[in-house]
Amino acid sequence: MPLFARAIPELELALLRRGVDELSAEQERCGRCARTPLVGERVYSYDGRPVLCELCRALAPDPPLASHLVHGPEFGHTMRITDHRVAHRARRQRTTTDGT
Ligand SMILES: [Zn+2]
């Protein structure tokens, strides 16, 4: 087997490992069970402690200070579809009543 043909799968594997490491470094983990919360799951913040997942929250003695939803990696990078029909309709009515 030529050296070049063997080097490509090793490069792919190295890039894949780096990508997985980077993804897992960005994800939140529960401070108690170290589980990565699911997308859409609510995590809870406590004063000076790491966040807890929904399951471990039941075991915490005090109420959480705040909570937030876990978003997927596409959050903030996707297109937002907005409905401009109402604004367009109002603009069209204004122009017809003004006669312009
Ligand atoms: Zn947990």
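To be clear, the structure that these remarks concern was listed above.
Below, the structure is looked at part by part. (Residues numbered from 1 in each chain as written. Predicted model: local features only at pLDDT ≥ 70, side-chain atom pairs only at ≥ 80, totals over all residues.)

Moving on to the nonpolar core. In this structure, C30, V43, Y44, V51, L52 and C53 together form the largest nonpolar core, which totals six residues. For this core, the elements supplying multiple residues, two or more each, are strand 1 (42-46) and strand 2 (49-52). Not counting residues within four places of it along the chain, the set of residues in contact with C53 comprises C30, C33, R35, P37, E41 and V43. (Core = buried A, V, L, I, M, F, W, Y, C linked by C-beta atoms within 7 Å. Buried ≥ 20, exposed ≤ 12 C-beta atoms within 10 Å, placed from the backbone. Helix = DSSP H or I, 4+ residues; strand = E, 2+ residues; numbered from the N terminus. Contact = placed C-beta atoms within 7 Å.)

Time to look at the pairing of strand 2. A regular strand carries its side chains on alternate faces of the sheet. Across two bridges, the pairing between strand 1 and strand 2 is antiparallel. Considered in strand 2, the bridge of Y46 is made with R49. In this structure, the hairpin formed by strand 1 and strand 2 is closed by a connection of two residues, where G48 is found at a positive phi of approximately 70°. (Pairing = 2+ DSSP bridges.)

This part takes up the pairing of strand 1. In the sheet, strand 1 pairs with strand 3 (residues 66-69) via four bridges, with the strands oriented antiparallel. Residue S45 lies in a different strand from strand 3, and its bridge partner there is A66.

Remember, this is a structural readout, not a statement about activity or role.
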